[in-house]
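Below, each chain spelled out in residue letters.
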Amino acid sequence: MESLETRLETLEYYQKLLLQMIDSQRFPFYKLVMERGLTKREVDELFSLCDKLNLQLEEQKAQGLVIYTDLLTQFANQLNDKLNANETIQAMSKQGMYPLLMKEFISLLK
């Protein structure tokens, strides 16, 4: 019977192969998550942050605000240390995640 260590090494090898197979044009965020070694909990925390900021964006738009720098700042400050804000925004945008929020962030980054 294989040792647990050998089985883990095999799984890690398979994961690296799968990463190379992923279409980074269709799933850039998922690829980023795997490359940076984020846990499910860390990704869930990111989605929770985006949900909160997306809601704030809608509220601010309803109030007539047009500059959302504070939301971008919150995003960058609360983002997991394993991720880069610009890279994450670009990947989430390309994958179609939180489209309105990411569109505003991208316009602020230009």
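Preceding this paragraph is the structure being described.
Our subject in this report is the structure included herewith. (Residues numbered from 1 in each chain as written. Predicted model: local features only at pLDDT ≥ 70, side-chain atom pairs only at ≥ 80, totals over all residues. Heavy atoms only, no water.)

### Considering the packing of aromatic side chains
Put simply, the rule reads: Here the aromatic set is Phe, Tyr and Trp, taking the six-membered ring for Trp, and pairing holds for ring centres within 6.5 Å; pairs whose planes are under 30 degrees apart are stacked, those over 60 apart are edge-to-face, and all others are tilted. Secondary structure elements are defined from DSSP: runs of H or I of at least 4 residues count as helices, runs of E of at least 2 residues count as strands, and each element is numbered from the N terminus. Remark: exposure states derive from per-residue accessible area (1.4 Å probe, protein chains only) relative to the maximum for the residue type, with buried under 20%, exposed over 50%, and partly exposed in between.
In this structure the tally under the stated criterion is 6 aromatic pairs. Aromatic side chains Phe75 and Phe105 sit 5.3 Å apart centroid to centroid with 45° between the ring planes, which places their arrangement in the tilted category. Of this pair, Phe75 sits in helix α4 (residues 69–78) while Phe105 is found in helix α6 (residues 99–109), placing the two residues 30 residues apart along the sequence. Judged by relative accessible area, which is 0%, Phe75 ranks as buried. Judged by its relative accessible area of 0%, Phe105 falls in the buried class. Taken together, the ring pairs in this structure connect Phe27, Phe29, Tyr30, Phe47 and Tyr98 into an aromatic cluster.

### Overview of the packing of helix α2 (residues 28–36) against helix α5 (residues 85–94)
Formally: Note on method: axes are straight lines fitted to C-alpha atoms, helices fitted across the in-contact stretch only, with angles between N-to-C directions ranging 0 to 180 degrees. Roughly parallel here means an angle under 35 degrees, roughly antiparallel means over 145, roughly perpendicular means 65 to 115, and every remaining angle is called oblique. Whether two residues are in contact is decided by their heavy atoms: any pair within 4.5 Å suffices. Here the nonpolar group is Ala, Val, Leu, Ile, Met, Phe, Trp, Tyr, Cys and Pro; Asp, Glu, Lys and Arg are the charged ones; every other residue, Gly included, is treated as polar.
One can describe the packing of α2 onto α5 by two numbers: an axis separation of 7 Å at closest approach and a directional angle of 140°. Judged on the interaxial angle alone, α5 and α2 are oblique. Side by side, α2 and α5 meet where Pro28, Phe29, Leu32 and Arg36 of the first sit next to Glu87, Thr88, Ala91, Met92 and Lys94 of the second. Classifying every residue of the contact of α2 with α5 gives 5 nonpolar, 1 polar and 3 charged.

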